[in-house]
Structures are given as C-alpha cells and as structure tokens.
2 protein chains.
Amino acid sequence: MNMIVERSVFYISDGTAITAEVLGHAVMSQFPVDTISVTLPFVENVQRALAVKAQINAICQQSGLRPLVFLSIVTPEVKEIIMQSEGFCQDIVQTLVAPLQQELGIAPAPVVHRTHGLTASNLGKYDARIAAIDYTLAHDDGISLRGLEDAQVILLGVSRCGKTPTSLYLAMQFGVKAANYPFIADDMDNLKLPAALRPFQHKLFGLTIDPERLAAIRQERAENTRYASLRQCRMEVGEVEALFRTQQIRYLNSTNYSVEEIATKILDIMGLNRRMF
Amino acid sequence: MNMIVERSVFYISDGTAITAEVLGHAVMSQFPVDTISVTLPFVENVQRALAVKAQINAICQQSGLRPLVFLSIVTPEVKEIIMQSEGFCQDIVQTLVAPLQQELGIAPAPVVHRTHGLTASNLGKYDARIAAIDYTLAHDDGISLRGLEDAQVILLGVSRCGKTPTSLYLAMQFGVKAANYPFIADDMDNLKLPAALRPFQHKLFGLTIDPERLAAIRQERAENTRYASLRQCRMEVGEVEALFRTQQIRYLNSTNYSVEEIATKILDIMGLNRRMF
C-alpha cells in the first residue's frame with residue numbers, strides 16, 4: 001500500500017498573516033499536491049521565531065520533505081531565523097521589493113506591521129471605517145430610512161439575495177457607507193420603489209439571484225414554507241428584476257459570486273473609491 | 001520651483017484585485033516615493049487588457065516615468081498584453097510559483113478566480129460563512145442570549161470598545177460564530193457575569209481599551225455627556241477589567257490594534273481554526 005505524504009505549508013508573519021495566507025493559498029492552488037496548512041501570525045521576536053524554526057525542522061525530519069514556507073516578517077534578525085530553517089522559504093514582500101529597488105533607484109525602508117496595523121497616522125481613516133460599519137448596521141434590512149443622504153450606496157433586493165453580507169463587506173473592507181432595503185412578499189402585488197428611496201435613485205443598486213439558488217438558501221432557514229418554495233422565489237425575483245429594469249436601476253446577479261466579488265463589482269460599476277485599511 | 005512628479009502604481013487583476021492591492025501596498029510602503037494608485041479589478045478579456053495597456057502607456061508618455069504594475073491575471077493572452085505595456089510589471093503570484101515549480105518538480109496548472117471566487121466545490125464552505133454572519137448579527141450587542149451554545153467565542157466589554165467590528169470580522173473573514181455582550185453603565189454598581197453567560201466560561205473573551213481613547217470615541221457620538229466623560233470611561237474600564245481578572249476571563253486591550261489584528265489574536269489565543277474564503 002502506498003502512503004500519501006502530505007506536504008506541509010506554513011504561512012508565517014509578524015502581523016496577522018492574512019496576506020501571506022491569501023497569497024500563499026493562491027500560489028499553492030496552482031499545484032496538484034496534497035497539503036497540510038499551518039498559519040502562524042505574530043511571529044515578532046527571536047524566541048517565537050526559534051520555536052517556529054524548530055517546528056519546521058521537526059516536520060522536515062519526520063516527513064523527509066521540506067515544508068514550504070510563505071513568510072512576511074520585517075525585523076531582519078527574526079526573519080533570518082526562519083530563513084535558516086530547513087523549509088523552502090519565500091518572503092512574499094521582499095521578492096517584489098528587490099526588483100523595485102533597482103527600478104526606483106532608492107533603498108527600501110522596512111516598516112513593521114504596515115499592512116493591517118493601526119498607527120497614529122491612520123487613526124482618522126480608521127475611525128471612518130468604524131463609522132461606515134456603524135452606519136451600515138443601522139441601515140441594514142431597511143431598519144431605518146432616515147439619513148439615507150449619507151449612504152454611498154443603497155442595495156435593493158429580495159430576502160436572502162446577499163444584501164447584508166455585501167453591505168457589511170463594503171463597510172469593513174472599503175469604508176463605504178452601505179444601506180440596504182428588502183422587498184418582501186407583501187410588496188409583490190404592486191411592486192413600486194418606496195417613496196423614501198426615490199430621491200436617491202443614483203445611489204440605488206439592485207442585487208438579484210437565480211430562483212433555484214434562492215430557494216435552496218431559504219430552505220435552510222424555513223423548510224417547506226411558501227417563502228422557500230421555488231414558485232415563490234421565481235415570482236419575487238421576476239417582479240424585482242422587472243422593477244430594476246423599468247426604474248433603470250443597475251443590478252447584478254449574485255448567484256455565482258463571492259461577497260468580495262459582488263462588493264468589488266459594485267464599487268467598480270458605481271465609480272466609488274476603494275479605501276484601504 | 002521644483003515640480004514633484006508622482007509615480008503611478010497600478011494594481012491589476014482578473015478578480016477582485018484585493019490581494020494585489022494589499023500586497024502591492026505593503027511593498028510600496030517600503031519606498032519613500034509619492035504615488036498615485038489605481039486599482040483595476042476584473043481585467044478578464046483581451047479588449048479590457050488592451051484598454052488598460054493604453055492607459056499605462058499614456059501615463060508613461062506624459063510623465064516620462066514607467067508606471068509600477070502589480071498584477072495577478074491567470075489567462076496567458078490577457079496577462080501578456082499587460083506585461084507588454086511600458087509599465088514595470090510584476091506578477092505577484094507567478095513570482096512565487098516559478099521557484100516552487102523547481103522545488104516540487106511539478107508543473108503548475110493555473111486556475112482562474114482562485115482567490116475570492118465562488119465555485120461548486122466551495123459552496124458548502126461559503127454557506128457556512130453566511131451562516132456565521134447571520135449568527136453574529138443575531139447575537140450582536142447582547143440582542144439574544146439564546147443559542148449561545150452555538151457560539152465559538154463570546155466577546156465581552158464596555159460600550160464602544162470594538163466588540164461589534166471584531167465579531168463581524170471574525171464571521172466574515174474566518175467564518176467564526178461570534179456573539180458579543182456589552183456591560184452598560186447600569187451594570188457597574190455591582191458588576192457580575194450574567195447568569196446566562198456562566199455556562200460558557202470557556203468561550204468568553206474580554207476586550208478592553210484605554211479610557212482616553214474610549215472617551216474620544218464616545219465624544220464623537222455623544223458629546224459632553226456623562227457616558228463620554230473620561231471619569232465615566234475610567235470607572236467602566238476599571239470595573240470590567242477587574243471582573244475579567246477575578247473571573248479569569250482572557251482579555252486584550254484593543255487600543256492600538258486594528259480589527260484584523262484583534263480578530264487574529266483572539267483566534268490565536270482561543271486556539272480557534274482559521275478558515276479561508
């Protein structure tokens with residue numbers, strides 16, 4: 001019997017390791033190998049680095065395979081320890097910095113915790129992010145139709161088409177104040193744009209979804225109800241899409257997209273700025 | 001008078017461009033140069049790529065400086081068009097793939113939209129993410145103390161110490177079901193752990209914050225109130241920290257950390273799994 005030996009992959013950072021993890025995962029997904037992933041954030045000092053090095057070396061010893069290491073560590077003496085392990089190490093930031101140094105003719109000046117850190121200089125921007133989250137929560141699911149003049153986008157759609165996760169992602173990732181408003185079953189007999197939304201036509205953005213996928217999502221929450229029936233889902237989606245078209249509201253079918261993709265497409269289509277935090 | 005010419009930086013992807021933007025930004029932050037950033041997501045076809053190439057070349061022509069380009073595009077013919085522009089192009093994924101190909105002795109098999117895409121194979125995981133967001137919203141700010149047995153972590157702290165953004169980030173980024181419970185001013189005379197939380201001692205995690213920062217945050221919302229006074233903030237933080245210590249609840253001071261850092265530290269300390277979406 002053959003034994004499949006899985007290759008160990010480490011994502012290591014002195015920060016959250018979110019970037020190392022996302023990028024390293026994209027790289028690894030191109031290779032048809034079985035892997036075991038370990039993410040190690042906050043590797044910030046020599047002591048912790050030595051422990052990580054020992055962990056990498058032990059796996060190398062046991063499996064006879066060099067672990068693959070994606071790392072992002074700024075402090076040279078901490079990074080050097082990991083680089084001297086038995087792992088196959090790639091520094092995800094430095095790999096791109098070195099060629100740029102030549103192009104720019106300037107030496108790089110490394111900064112610790114640059115990606116997802118909080119500093120005095122970005123505190124104001126950070127407060128704007130929290131304000132966007134607060135706004136979005138207060139204007140989720142049509143809770144409040146007051147203060148819509150402060151919204152940067154107002155998402156419309158039937159129940160469970162993805163409005164809430166998209167709104168929260170827009171606020172969290174991009175600092176966008178996103179309200180959302182649901183069309184419910186009772187609205188369907190004579191579907192109109194609510195009067196409160198009409199002054200904000202230019203901020204409206206519709207989300208739609210395939211009725212089959214919608215029915216499957218609703219079944220998870222309310223099995224064997226009219227709400228979750230395919231017939232009801234078809235009717236609601238049909239009515240709402242017709243409204244989007246007659247009112248000339250831009251819209252997107254969310255069925256085959258992740259929250260990240262939907263949010264990014266909305267920014268792109270609406271011409272909204274992407275902030276970074 | 002000297003004119004400062006800003007260097008143009010492009011973050012280009014056939015997907016959301018979130019990874020290109022975050023990583024490229026980390027790289028650029030190491031160089032003391034003034035830049036103008038342009039992020040271009042969904043560069044998926046030849047036509048769009050040709051338009052982007054023209055945009056890069058026009059800037060090069062006008063400024064006399066090659067734009068710096070961080071890209072992540074899988075389809076070879078689309079990518080090749082950007083690579084042939086006048087920009088200084090670096091492929092953030094391929095740069096790490098090539099050395100790995102040698103180490104692994106396997107040819108890579110590129111996959112479009114690998115990072116933030118939605119496919120049949122990750123739909124189940126994706127539903128778990130949405131379920132975590134639903135759970136977290138339903139258990140925000142002590143709204144419901146039912147179903148806490150399903151929580152993976154329950155955050156505790158005073159009003160405006162960062163519980164809600166942290167809970168939402170845990171759900172959105174890591175698929176963690178995170179409840180949170182606020183201690184309010186009225187609780188302070190005889191601060192105790194609510195009976196409903198006691199069975200879940202092992203899931204509790206405290207957030208605290210410097211009183212000065214807390215007062216500044218509260219002033220933004222309720223200027224010149226007792227709620228926002230430094231004296232009140234000092235008292236609340238003191239009482240709650242004392243409770244965390246006597247009840248042996250692990251806790252973290254959120255003052256100098258971003259939402260990403262707080263969330264990642266909580267996962268790390270609680271030993272919770274990081275999922276990726």
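Cut-offs applied
Residue numbering note: each chain is counted from 1, following its sequence as written. Starting at A for chains and at 1 for ligands, labels are handed out in the order in which the entities are written. Side-chain atom pairs in this predicted model are given and counted only at pLDDT of 80 or more, local residue features only at pLDDT of at least 70, and totals for whole chains, interfaces and linings cover all residues. Excluding hydrogens and water, the side-chain figures rest on all heavy atoms present in the structure. Axis definition: a line fitted to C-alpha atoms, limited for helices to the stretch in contact. Angles are taken between N-to-C directions and run from 0 to 180 degrees. Numbering of helices and strands runs from the N terminus, with a helix taken as a DSSP run of H or I at least four residues long and a strand as a DSSP run of E at least two residues long. Working rule for angles: under 35 degrees goes down as roughly parallel, over 145 as roughly antiparallel, 65 to 115 as roughly perpendicular, anything else as oblique. Two residues form a contact once any of their heavy atoms are found within 4.5 Å. Residues are grouped as follows: Ala, Val, Leu, Ile, Met, Phe, Trp, Tyr, Cys and Pro are nonpolar; Asp, Glu, Lys and Arg are charged; all remaining types, including Gly, are polar. We treat two strands as partners when DSSP finds at least two bridges between them.

### Some remarks on the packing of helix α6 (residues 163–174) of chain A against helix α9 (residues 259–270) of chain A
Between two packed helices, the angle of one axis relative to the other and the distance separating the axes together describe the packing. Residue and element names in this part refer to chain A. At a closest axis distance of 9 Å, the pairing of α6 and α9 adopts a crossing angle of 70°. As summarised for this structure, α6 and α9 are arranged roughly perpendicular, according to the angle between their axes. Residue-level contacts link Pro165, Thr166, Tyr169, Leu170 and Phe174 of α6 to Val259, Glu260, Ile262, Ala263, Thr264, Ile266 and Leu267 of α9. Looking at the contact of α6 with α9 residue by residue, the class counts come to 9 nonpolar, 2 polar and 1 charged.

### Remarks on the sheet that holds strand β5 (residues 153–158) of chain A
Residues and elements named next belong to chain A. The 4 strands lie next to each other as β6-β5-β7-β8, forming an open sheet whose pairing is parallel. Two strands close off the open sheet at either side, each with one partner strand: β6 (178–183) and β8 (251–253). Looking at each pair of strands side by side, their axes are set apart by 25° on average, direction ignored. Here α6 sits on the sheet and contacts β5, β6 and β7 (204–208); the angle it forms with β6, its principal contact strand, is near 175°.

### A few points about the sheet that holds strand β8 (residues 251–253) of chain B
Residues and elements named next belong to chain B. Taken together, the 4 strands give an open sheet; going across it, the order is β6-β5-β7-β8, and neighbouring strands pair in parallel fashion. The open sheet has two free edges, formed respectively by β6 (178–183) and β8, since each of these has just one partner strand. Between one strand and the next, the sheet's axes are offset by a mean angle of 25°, whatever the strand orientation. Pairing between strand β5 (residues 153–158) and β6: 6 bridges, direction parallel. Along β6, the bridge assignment pairs Val153 with Ala178. Against the sheet, helix α8 (residues 230–246) makes contact with β5, β6, β7 (204–208) and β8, and its axis sits at roughly 145° relative to β5, the strand it touches most.

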